[in-house]
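As a plain string of letters, each chain reads:
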Amino acid sequence: MSHVVQPLDQPSNYKDSQARVDRQKQHELLSKSTTLYIGNLSFFTTEEQIYELFSKCASPEEGGGIKRIIMGLDRNTRTPCGFCFVEYYTHAEALACLRYISGTKLDERIIRCDLDLGYREGRQFGRGKSGGQVRDEHRTDYDAGRGGWGAQAQRLEIERRREVEERYADAQEGPGAVAGGGEDWKQPEGMPEKADLKRGRSPDDEDESERMGARARLDEDAERM
Amino acid sequence: MSYNGGGGYRRRNRDHDYDRREPVYESPEQKLRASIIRLGEVDGDQELPRLVEQICETTPINISYLSESVRIAVTEQPYKIPYYAALTRLLHDKPSSGEDTTATSLGRQVLEDFWKGFQAYLDKLSWRDTRLCVHFFAHLTTAKVVSPQSMFDLLKSFTAVLDEFGVSHGRAKQAALCAVEGLIMSGAEIKAKTSANVSEITTSIQSYIESIGDNKALVQPTVKLYPTNDPIETADEILEAALAAVQILNSSDFAQTSDIVLQPYTVSPDFADAPFDLPSVLVPPEVIELDALSTDTGEDAQVKKEEWPDYYVRLFDNDVTPDPTTPVGYAIRAGILDLIDIFEINRKECARLLLEFPKWLPHGTFKPRPGAPPQEPVAGKDWQLESTVIETILGTLFLLPDPQHKTIYYIALITELCKLSPSTVGPAVGKSIRKLYGLLADGLDVALASRLIDWFAIHMSNFGFQWVWKEWIPDLDLSLQHPKRVFMRNAIDFEIRLSYYDRILKTLPEPMQNPDNRVVPSEAPGPDYEYDDPARPHYDAAQTVLGLLRGRAKAEDVMSHLESVKNSLETTDSDTNTDSVIRSIAVQSLLHIGSRSFSHFLNAIERYLPLLRNLASGSISTTGVSNLEARMDILTAVSDFWSHSKHMIVIVFDKLMQYQIVDPTDVVSWAFTHGVERIAGSTHPSLSSLQWDVIKSALNKANGRVVIARRKVSALRKEADEKAAMAIVSNGTSMEVDTEVKPDVPEVPEVPEPESPALTTALKAFATLTREQKAALSRTLDGFVDCLASATNPNPTAKTVISENGWHNRANWSEADWVTWGTWGWYRHFCRLYSPYLRNYATTLGTVSFAKVGNAGDPAVDTFRKIWNVTTGQDV
């Protein structure tokens, strides 16, 4: 708690204008949210670039990590339109991004992070009239990273664009279009516990350990000791 | 959506208030608190009397609110503590209620209430708050408001902690810092007014420091693997620095204190009334984790940080930044460290406050800002603020095994500083990078070299990738595995991850752009599908599989097709391992359809999870028995496919673990065997930072799963307890009428509630996962044994690189020498980073792995054992 300065990880006044839950409910969801809305991305920024930066706020040792990234796409052209969602496994990781990443650069643009209510189907698409983000409808400046005014982007950017434009051509709509990213660990169904299947190994198994790939499974040894 | 260029925060006390949506009503009390918090922002000395007036005018005054305000101000703005002490001193001249001058003064009431708050911090072992309150009392001692004897007794109760049996290092360190910092600020008064023996405190700390012993060598930023008694020159340990500083002060009877900290209260006339006697305290024992779970073998590990000595790396000379082993140097660093820690919640404010830090120090401590009126340099001071701040931040970032906050916090903080004052902070950053780069040749710890790369790449990404690479061109003559070469290669790889290949290539001078010099890869990091070329074996078979996957064929159809491919391969190609070929084709084809992006990859594997599961179990269309070789084949297929992108290898492995296709132990195993880089002239496996990243990600996955499982069990137990308590309450309601104890009333029988099925499942999962955690750690230890200390296949290089002569001959080291030295570094890092877990599993892990270790007397074996023994807390 701070009385002297405003912490950076407070939810901002951004909200999903199409969310169908009341303010209090929204607040409650945000206070547990593991999803971030990322804005002001270049249209050319890839998910791997995003992954690299946002993995710096991941806490796998606490059971966290990046669950998935959902790239915001132009509804019509199926090309990135400058925003995405990053979903973590824990709320703390999302908050860390607000403190350490929001307001810093990715791909040479200052990006902005906001807690999000959580990805819902259909939200991966831009809501502007032309298919992209609403903000790009009204933008009057020249922004090479977000499509410029027209086609006169820099040479380098054209190269990148070629790849990017095809990348999401296969983007689907509807249920199941977006992968989940993997849930928490579960006991494998219908399988005996793995530990029983793998032969325990004792220190005198020297010959076997010489072969590359042989490895210690010392569950049994552990139990014996 | 509104975008305002960088986080929608708004500064207090600034003139941005016009755009507040709603006018905020402030009560007189809230106004008072705001004034207290703001004290000193313009001119502390002038504001003090006004603030005292404002406090006296607030009637009726709520003492506890007032003292809470001071407590907040003290613990959140430690740089202003001298002013809060001065305020409290002035309030001692004010009667609590206008006329009655005999009543207890306002100041004394505030102090008495403040003490209660301090006691609460101490009870919670909220160390930073406790220590900052000690600062406050120490200043009040110098202001003669607090009795020096009681101050000394307070400091002594902190050093008493050092004598506790089995005290943890974190606790001892915090307690010692309370004592030292309190003494720095109040020592003069204590020595002048009491017969107390101040050396009792320094002796106590000294003997504690001497008891740490072997732990120290494992966390020094520059590594010496041979036994040596030479003091480390590149860094200083915080307790040792604190002790040195206070010893210097003590030898001069604390004459320099006013040189170190502001003492605005000294202008007040001497306080004539009886001073406040701080009550005596006892530092409460550490809380024992109540919901600790034990595994079936009675072991449970919970990570506790701060258990290692803190070595802060030094980057500048003593005339540029103050020497932290001197009183003033120590005090400055301690002040900066507190700022960095407290304002972690808002790095932008933190950066601003750091650059304003000189305001809270005696005049002349730092050089004036450019443009400020020139000042006569104070002899022995006149340091560079920005270099001092950057050195301290990097010192914290480079603590081993892990910094207190996430690496990215310190990186982002430096970015903010550079944005605030590019012309002064920029050069300090540049010099720091060069200094650290230089240390790479002199044994900078591998974990720190990795952290340096992380910082470098992210920093450059925020500042247009502008670095003068040119100056490092001569280092291209060094061995390919020399830490400087590794740095260049990996830093560029990390820059490319954050940006893209062509962009980064443009920032490099010609010799570095040339792929022959092995600084940049010859092409952008992309997929490498083995079956793309019709000339390659199994091209046709792979294409048919790829076709099915592209057409989104059902998993079963793909499986039956793979079966038929396998059968035909077996008839035509009897000498190849058809199982391995099938796995490679299937996995690479799957990665191929998912190669466009991380999401495409997730979609591809989610669609074909049943196929992957079968492959991992050793068969195609049925679930077979667990098969290690199959899982190694899958991981190898991934690393073949992404051989140009180390980044993707780590990402894909992570998700394969997440989807439980492979175990963390498999990944560790792979990294030590199939994943080992081929190094010219090397006879043994070795670890590079990529392999370490893979291993770390696997171990963290295993540990993280245990954390989740433990949380789940705790939650379910709590739920069960609450249910049970509710049941008792509702049973008890009927008996509420007779509250007296009636011996003849039968007690509620203590039938243990049967475990809920959910709890049973959760406990079983916990047991399974701790077993897997242990297996992963064990496999890692085994891997290191094979690299460095195997009995049956000893590594001669492992011996030479740790000898003193060997190290001094490093200018002539081969690639194999360097990677072996690096492997030693990762082994040390593994041990210290995971030491809480390793400690718990020490007996079982040690017994199994050390059975394979060579005989004592071999320097490699002895070093290997010693590192293990130190990190697991066993007698050496």
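Since the structure is predicted, the reported quantities are computational estimates derived from the model, not experimental observations. (Residues numbered from 1 in each chain as written. Chains lettered and ligands numbered in written order. Predicted model: local features only at pLDDT ≥ 70, side-chain atom pairs only at ≥ 80, totals over all residues. Heavy atoms only, no water.)

**Regarding the overall build of chain B**
- A tally of helices and strands in chain B yields 36 helices and 2 strands.
- The C-alpha radius of gyration computed for chain B amounts to 32 Å, which stays within 12% of the reference 29 Å derived for 876 residues, consistent with globular compactness.
- Expressed as a percentage of its 876 residues, the buried residues of chain B come to 59%.
- Residue pairs in contact within chain B that sit at least 24 positions apart in sequence constitute 74% of those at least 6 positions apart. (Helix = DSSP H or I, 4+ residues; strand = E, 2+ residues; numbered from the N terminus. Rg over C-alpha atoms; globule rule 2.2 N^0.38 Å. Buried < 20%, exposed > 50% of the residue type's maximum accessible area, 1.4 Å probe, protein only. Contact = heavy atoms within 4.5 Å.)

**So, the pairing of strand 1 (residues 35–39) of chain A**
All names here are of chain A.
- In terms of burial, strand 1 is a largely internal element, 5 of the 5 residues being buried.
- Covered by surrounding structure in strand 1 are Thr35, Tyr37 and Gly39 together with Leu36 and Ile38, the residues of both alternating faces.
- Relative to strand 3 (residues 80–88), strand 1 is paired through 4 bridges, and the arrangement is antiparallel. The residue bridging Tyr37 from the neighbouring strand is Phe85, located in strand 3.
- Here strand 1 runs beside strand 6 (residues 112–116); their pairing, made up of 5 bridges, is antiparallel. The residue of strand 6 that forms the bridge with Gly39 is Arg112. (Pairing = 2+ DSSP bridges.)

**Focus: the UniProt feature "domain: RRM" (unreviewed entry) in chain A**
- On the UniProt side, "domain: RRM" (unreviewed entry) is annotated at positions that read residues 34–118 of chain A here.
- For the annotated span residues 34–118 of chain A, helix accounts for 21% and strand for 36% of the residues, and the straight-line distance between the end C-alpha atoms is 7 Å. (UniProt positions renumbered as here; feature names shortened; annotations may be inferred.)

**Looking at the side chain of Asp129(B)**
Residue and element names in this part refer to chain B.
- Turning to its location among the elements, Asp129 is positioned in helix 6 (residues 127–142).
- Although Asp129 is buried, it forms no salt bridge, and the closest oppositely charged side chain is Arg128 at an N-O distance of 4.4 Å.
- A polar side-chain atom of Asp129 sits 2.8 Å from a polar atom in the side chain of Ser126.
- What Asp129 contacts, discounting residues up to four positions off in sequence, is Thr75 and Tyr121. (Lys, Arg positive; Asp, Glu negative; His and termini not counted. Salt bridge = Lys/Arg side-chain N within 4 Å of Asp/Glu carboxyl O. Polar contact = N/O pair within 3.5 Å; in protein donor to acceptor, adjacent residues only side chain to side chain.)

**Description of the confidence of the model for chain A**
- On average, residues of chain A carry a pLDDT of 78, and 74% of them reach 70 or more.
- Within the model, the stretch residues 192–225 of chain A combines pLDDT values under 50 with 71 contacts to residues more than four positions away or in other chains. (pLDDT = per-residue confidence, 0-100.)

**Looking at the nonpolar core**
- Core analysis: the largest hydrophobic core is formed by 310 residues, its most contacted members being Phe54(A), Phe137(B), Phe158(B), Trp824(B), Tyr827(B), Phe830(B) and Phe864(B).
- In contact with Phe864(B), not counting residues within four places along its chain, are Leu781(B), Phe784(B), Val785(B), Leu788(B), Ala789(B), Trp824(B), Tyr827(B), Phe850(B) and Val853(B).
- Grouped together as the second largest cluster of nonpolar side chains are 10 residues, Trp185(A), Val706(B), Ala709(B) and Ala762(B) included. (Core = buried A, V, L, I, M, F, W, Y, C linked by side-chain atoms within 4.5 Å.)

**Examining the environment of Gln109(B)**
- Take Gln109(B): it is sitting in helix 5 (residues 106–123).
- Sequence separation of Gln109(B) and Ser67(B) is 42 residues, and the distance between their C-alpha atoms is 8.4 Å.

**Digging into the environment of His482(B)**
All names here are of chain B.
- Relative to the helices and strands, His482 resides in the loop between helix 17 (446–462) and helix 18 (483–498).
- The class of His482 is buried, set by a relative accessible area of 7%.
- Those residues within four positions of His482 in sequence are excluded, and the remaining contacts are Ala441 and Trp818.
- Separated by 2.9 Å, the side chain of His482 and the backbone nitrogen of Lys484 make a polar contact.

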